[in-house]
Amino acid sequence: MKNFYLVLAVAGAILPALAFLGLFGGEPLPSMALWLQALYVNVGTAAAFTDLAWSSLVFWIFVFSESARLQLRHAWAYIPLNAFVGLSCALPLFLYFRARRLQDER
């Protein structure tokens, strides 16, 4: 399972990047102001973005508590990874390093 987390992390970095590059829809990137405005353009996008933001906050709490418990280093690095790449990359990457540590403890 550990290596599967690593594959998911790589895919979680590539797929959102492809979307941002416009490779899925062929559209150019909107300005940052327009992009932020689009997050709350309707109830559906507002709910999805709020869910993602809340999930990210819960992930950050989990990262710091698990990192302290398992003595994992560089817990702070998952915050910018989550913010600038996405939860789709940061979460499986953290789970990879967590599984690796748990495997080493056996």
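Right above here is the structure, for reference.
Here is a short report on the structure shown in this document. (Residues numbered from 1 in each chain as written. Predicted model: local features only at pLDDT ≥ 70, side-chain atom pairs only at ≥ 80, totals over all residues. Heavy atoms only, no water.)

### Focus: the overall build of the chain
Helices and strands together make up the secondary structure of the chain, namely 5 helices and 0 strands. Listed N to C, the secondary structure of the chain is α-α-α-α-α in terms of helices and strands. With respect to the three principal axes, the spread of C-alpha positions in the chain is 50 × 25 × 20 Å. Expressed as a percentage of the 106 residues in the chain, the buried residues total 24%. Within the chain, contacts between residues separated by at least 24 positions form 62% of all contacts whose residues are at least 6 apart in sequence. About 7,400 Å² of surface is accessible on the chain, with carbon and sulfur atoms providing 70% of the total. Charge-centre separation for the chain: the mean point of 7 positive side chains lies 12 Å from the mean point of 5 negative side chains. (Helix = DSSP H or I, 4+ residues; strand = E, 2+ residues; numbered from the N terminus. Buried < 20%, exposed > 50% of the residue type's maximum accessible area, 1.4 Å probe, protein only. Contact = heavy atoms within 4.5 Å. Areas by Shrake-Rupley, 256 points an atom, 1.4 Å probe, with all protein chains shown as cover. Lys, Arg positive; Asp, Glu negative; His and termini not counted. Charge placed at Lys NZ, Arg CZ, Asp CG, Glu CD.)

### Brief notes about helix α5 (residues 87–105)
Relative to the 27 Å expected for 19 residues at 1.5 Å per residue, α5 spans 27 Å between its end C-alpha atoms, a close match to the ideal helical length. Those residues of α5 that sit buried are Leu-87, Cys-89, Ala-90, Pro-92, Phe-94, Leu-95 and Tyr-96. On its buried face, α5 sits against α1 (2–20), α3 (43–70) and α4 (78–84). (Expected span 1.5 Å × (residues − 1).)

### Section: the layout of surface pockets
Taken as a whole, the largest pocket holds about 840 Å³ of empty space. In terms of lining, the largest pocket is formed by 26 residues, of which the most central are Phe-20, Trp-35, Phe-49, Leu-52 and Ala-83. Elements with a contribution of two residues or more to the lining of the largest pocket: α1, α2 (32–38), α3, α4 and α5. A per-element tally of the lining of the largest pocket places α3 first, with 8 residues. Classifying every residue of the lining of the largest pocket by side-chain character gives 20 nonpolar, 6 polar and no charged. Taken as a whole, the second largest pocket holds about 180 Å³ of empty space. Along the walls of the second largest pocket sit Ser-67, Leu-72, Arg-73, His-74, Tyr-78, Phe-94, Phe-97, Arg-100, Arg-101 and Asp-104, which together make up its complete lining. The greatest single-element share of the lining of the second largest pocket, amounting to 5 residues, is contributed by α5. (1 Å grid on protein atoms, 1.4 Å probe; cavity = no way out; pocket = protein on both sides within 12 Å on 5 of 7 lines; lining within 4 Å. Points joined across faces, edges and corners; volume = space filled by probe spheres on them. Nonpolar A, V, L, I, M, F, W, Y, C, P; charged D, E, K, R; others polar.)

### Examining the nonpolar core
One broad rule of soluble globular proteins: the nonpolar side chains tend to lie buried together. By size, the foremost hydrophobic cluster in this structure holds 14 residues, and its most contacted members are Phe-59, Val-63, Tyr-78, Leu-81 and Phe-94. Every element with two or more residues in this core is listed here: α3, α4 and α5. Non-local contacts of Tyr-78, meaning those with residues more than four positions away in its chain, are made with Phe-59, Val-63, Ala-90, Leu-93, Phe-94 and Phe-97. (Core = buried A, V, L, I, M, F, W, Y, C linked by side-chain atoms within 4.5 Å.)

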